[in-house]
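Residue-level structural notes
Chain by chain, the residues run as shown.
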Number of protein chains: 2
Amino acid sequence: MKPTTFQDVAARLTDDQTPRVWSLLVTVFGELAQDEGAKISGTLLGSLTALLGIKPEAMRVALHRLRKDGWIESERDGRKRLHQLTEWGRAQSADATPRIYDLADVRSPVFLVICEAKTAGNVATQSEAWITSQIVVTTRPALYKNAFITQLQPEDLPDWMRQKIIGRATQDQATALLEQMRATHPQADGLSNLEIAALRILIVHSWRRIILRTPALPDFVFPNLWAGPACRARVAHCLNQLPAQSLGDLET
Amino acid sequence: MKPTTFQDVAARLTDDQTPRVWSLLVTVFGELAQDEGAKISGTLLGSLTALLGIKPEAMRVALHRLRKDGWIESERDGRKRLHQLTEWGRAQSADATPRIYDLADVRSPVFLVICEAKTAGNVATQSEAWITSQIVVTTRPALYKNAFITQLQPEDLPDWMRQKIIGRATQDQATALLEQMRATHPQADGLSNLEIAALRILIVHSWRRIILRTPALPDFVFPNLWAGPACRARVAHCLNQLPAQSLGDLET
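Just so it is clear, the model here is predicted, and its values are computed rather than measured. (Residues numbered from 1 in each chain as written. Chains lettered and ligands numbered in written order. Predicted model: local features only at pLDDT ≥ 70, side-chain atom pairs only at ≥ 80, totals over all residues. Heavy atoms only, no water.)

Further remarks concern the environment of Leu 66 of chain A. Residue and element names in this part refer to chain A. Looking at the secondary structure, you find Leu 66 in helix α4 (residues 56–68). Residue Leu 66 is classed as buried on the basis of its relative accessible area, which comes to 0%. Spatially, the C-alpha atoms of Leu 66 and Ala 33 are 15 Å apart, while their sequence positions differ by 33 residues. In this structure Leu 66 touches Trp 22, Leu 25, Val 26, Trp 71 and Ile 72, once residues within four positions along its chain are discounted. (Helix = DSSP H or I, 4+ residues; strand = E, 2+ residues; numbered from the N terminus. Buried < 20%, exposed > 50% of the residue type's maximum accessible area, 1.4 Å probe, protein only. Contact = heavy atoms within 4.5 Å.)

All names here are of chain B. It is at 10 Å that the axes of helix α1 (residues 6–14) and helix α8 (residues 193–211) come closest, and there the two elements cross at 10 degrees. Here α8 runs roughly parallel to α1, going by the angle between their axes. As α1 packs across α8, the resulting crossing turns out to be left-handed. Residues Phe 6, Val 9, Ala 10, Leu 13 and Thr 14 of α1 touch α8, and the partners they reach there are Glu 195, Ala 198, Leu 199, Leu 202, Ile 203 and Ser 206. (Axes fitted to C-alpha atoms, helices over the stretch in contact; angles between N-to-C directions. Parallel < 35°, antiparallel > 145°, perpendicular 65-115°, else oblique. Left-handed = near helix turned anticlockwise from the far one by under 90°.)

Now for the sheet that holds strand β2 (residues 72–77) of chain A. Residue and element names in this part refer to chain A. Taken in spatial order, the 3 strands make up an open sheet running β1-β3-β2, and their pairing is antiparallel. For this open sheet the edge positions go to β1 (40–41) and β2, each flanked by a neighbour on one side alone. Pairing of β1 with strand β3 (residues 80–85), which is carried by 2 bridges, proceeds in the antiparallel orientation. Looking at β3, one finds that Ser 41 is bridged to Leu 82. In this fold α4 packs onto β2 and β3, with an angle of close to 115 degrees to the strand it touches most, β2. (Pairing = 2+ DSSP bridges.)

As a further point, take the relation of the copies chain B and chain A. The two copies are related by a screw motion: chain B maps onto chain A through a turn of 180 degrees and a shift of 0.1 Å along the axis, at an RMSD of 0.1 Å. Within this description, the copies of the chain are treated as partners about a two-fold rotation axis. Closest approach to the rotation axis among the C-alpha atoms of chain B is made by Thr 150 of chain B, whose C-alpha sits 3.9 Å away. Taken together, the interface assignments show that 100% of the residues at the interface of chain B recur at the interface of chain A, consistent with an identical surface on both copies. (Least-squares fit on C-alpha atoms with pLDDT ≥ 70 in both.)

Residues and elements named next belong to chain B. With respect to the helices, strands and loops of the structure, Val 136 is situated in strand β6 (residues 135–138). Take Val 136: its relative accessible area is 0%, and that puts it in the buried class. C-alpha of Val 136 to C-alpha of Phe 111: the two residues are 25 residues apart in sequence and 8.2 Å apart in space. In this view, Val 136 contacts Phe 111, Leu 112, Val 113, Cys 115, Glu 128, Ala 129, Trp 130, Ile 131 and Tyr 144; residues no more than four positions away in its chain are not counted.

Structural data, given as structure tokens:
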């Protein structure tokens, strides 16, 4: 039984829960208005969020927070309100875009590095996962000084090390998303442009919450039961069914 | 200036200190009486230890301790006392012999192994050195289960890891022995068989105290300043100058 209406698909994707509005709006700007000068009208934002079950007041609060945190800036053009990413917000968005939208395995060589002591400065890079306080798996071994370095091949890592690559919570989240995605069979036929855009945003948003908590390392270093690659394939398939909408078309 | 008398050489080798008698006697049995059935007379033991500055009473106490610990057994044959290794003592001695007398680098491939937890049962094997509680360098990687294993090549290990291969005390001891050995130029010419045997025992004994505290791993995993290989070469040179004496010849 294929769900075909917008509400069916949206309900499955959100598991009937409303996503955090300010975070969802970051996804909206990344999907529709990442180009310099791209502005989204309050009207379009209101229509999109209404479709996703978000109340106008919640949207206003979220926009306020995003302005305050430096993500977006807003202006008035006659009777219209226009919102756009700040330079900083656009940089954040551009930074995350390849990780979210390049729906493929990481192809860089990956290394196991043993350091004399954990290097605090490196903890935040997405290209690494610490196995213990001295052992890190990374695509950028040159970051670590006085270290033992060896390139990893598939099958090299025992399971207990793979389990350290990605937190239990993110593993569970990916497994749950995979179930949702498998029950979801979106098709553009019969949907409006706005509905297509809203479904893409829901899919991208769910995926973004997982992939941005996942180190950018090849699949073969992850736990055998890690649902990430299957999620990624399913996200790619669904986005393929739902062509990207242009901001210009949606505004008219 | 070459020291040529027995006393000159012996003084340099012992740094003018008397070695622990019971431990020295273990070296004596290993050098002269490791074969099954080989017995050393009390007379010969007394002459040898006297040459090395050990008092008869100290030797008697040491023999008593070795008997009590199961290393040797003693018997009376007419007016002679005869001492020999027990089966257990001979096994201990045979176990250490290749490490002490094979004066060459370890040629086995060597591996870095990362374990989930330190395996207590393996701590005592001589084929390993623990770098941290989870990381071990070893020639026997198959001993460790659920482990990450990678073969090491020369230059792979950073200095801080090499420093963990061998304790500071043993490093200092090897440096000190190397100095002594460099000042020592033993020659068999002009020495009695007993003196030659006694010098060999002093040299083997000094070397034994270092090599048995050293993991059986290739030189290239040790610290750059580790004096072990130079000691080993010097020990080989000196033993070459002092031919091994047979127990039969010494007893007559």
